[in-house]
Amino acid sequence: MSVSMFDILGPVTVGPSSSHTAGAVRIGLACRTILGEPVQKAKITFYGSFADTYRGHGTDKAVIGGLLGFNTENTQIRDSLQIARETGLQYEFFTAEEARYHPNTLAIEAQGENRRISLRGASIGGGQVRIQELNGFQMEASCLMDTLLAVHKDSPGLLANIAAILNVAGYNIANLRLARTKREGDVITVIEIDAPADQRTADSLLNVEGVLRVISLPKF
């Protein structure tokens, strides 16, 4: 098994902590990417260790930086709260306790001009994250690989059609996980692939009967 230096030291980042700063940036950036448009309003709730230390460790600046579209290396993260106010991003911070959650967990309710989403993620150390809930669906996405999120109906053969399109387009599926709230309801399928999906492939997936939305989440 190969181990990257960044698995040990964490990523290049602005701020004091790979877990409290870099991880929070990446969760915020994942939320912004999934929303698919600039964030206009955000309600952020910190849990566990995040709730205790988010001001001192800059976790508040980090998550807002991610929501603004900044990556972990962007020095503007230090001024993200001011930049948010200047650009019209309205935000609120809350704290809560939930014993079932990882100690470094935050939840975001984000709204843009056309969409709104709710997302919960955990920073698990070294800048690595797990997106664990999206719009009420329990799921898992690490953002360590190029990922497609397919929102679709729970119907026979649909997943096979998705896999066939990716196969014809030459994409290798590294991991595939399915999350649903009930049988024959809506489903989120998390598909980790070995290369970024192009727009043509995403459009082909969206044309499959029963597919409601396709979100490309590049690794970062």
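Structure's up top.
Computed from a predicted model, the values in this text were never measured in an experiment.

## Remarks on the sheet that holds strand 3 (residues 104-111)
Across the sheet, which stays open at both edges, the six strands sit in the order 2-1-3-4-5-6 with mixed pairing between neighbours. Every other strand in the sheet has two partners, leaving strand 2 (90-96) and strand 6 (137-141) as the edge strands with one partner each. Neighbour to neighbour, the strand axes of the sheet diverge by 20° on average, direction disregarded. Where strand 3 lies against strand 4 (residues 116-125), seven bridges are found, and the strand directions are antiparallel. Bridge pairing in strand 4 links A107 to R120.

## Overview of the sheet that holds strand 7 (residues 146-153)
The antiparallel open sheet is built from four strands, whose spatial order is 8-9-7-10. Each edge of the open sheet is held by one strand with a lone partner, namely strand 8 (173-180) and strand 10 (211-217). Ignoring which end each strand starts from, the neighbouring axes of this sheet average 15° apart. Of the strands in this sheet, strand 7, strand 8, strand 9 (186-193) and strand 10 touch helix 6 (residues 158-168), which is tilted by about 145° from strand 7. On the sheet, helix 7 (residues 199-206) packs against strand 7 and strand 10 and is oriented at approximately 155° with respect to strand 10.

## Some words on the nonpolar core
Core analysis: the biggest nonpolar cluster contains 43 residues, and L67 and I108 have the highest contact counts within it. If near-sequence neighbours (up to four positions away) are discounted, L67 is found in contact with G28, L29, C31, R32, V39, A42, I44, L89 and I108. Listed in part, the 14 residues of the second largest apolar core include L148, L166, I193 and L205.

## Comments concerning the side chain of R26
Counting through the fold element by element, R26 comes out in helix 2 (residues 18-35). With sequence-adjacent residues up to four places away left out, R26 is seen in contact with T72, G127, Q128, V129, S142, C143, L144 and F220.

## Observations regarding the pairing of strand 4
The hairpin formed by strand 3 and strand 4 contains four residues between the paired strands. Across six bridges, the pairing between strand 4 and strand 5 (residues 128-134) is antiparallel. Pairing of A122 across the sheet is with R130, part of strand 5. Counted between consecutive antiparallel strands, the loop separating strand 4 from strand 5 contains two residues, among which G126 sits at a positive phi close to 65°.

Basis of the calculations
Residues numbered from 1 in each chain as written. Predicted model: local features only at pLDDT ≥ 70, side-chain atom pairs only at ≥ 80, totals over all residues. Heavy atoms only, no water. Pairing = 2+ DSSP bridges. Helix = DSSP H or I, 4+ residues; strand = E, 2+ residues; numbered from the N terminus. Axes fitted to C-alpha atoms, helices over the stretch in contact; angles between N-to-C directions. Contact = heavy atoms within 4.5 Å. Core = buried A, V, L, I, M, F, W, Y, C linked by side-chain atoms within 4.5 Å. Buried < 20%, exposed > 50% of the residue type's maximum accessible area, 1.4 Å probe, protein only.

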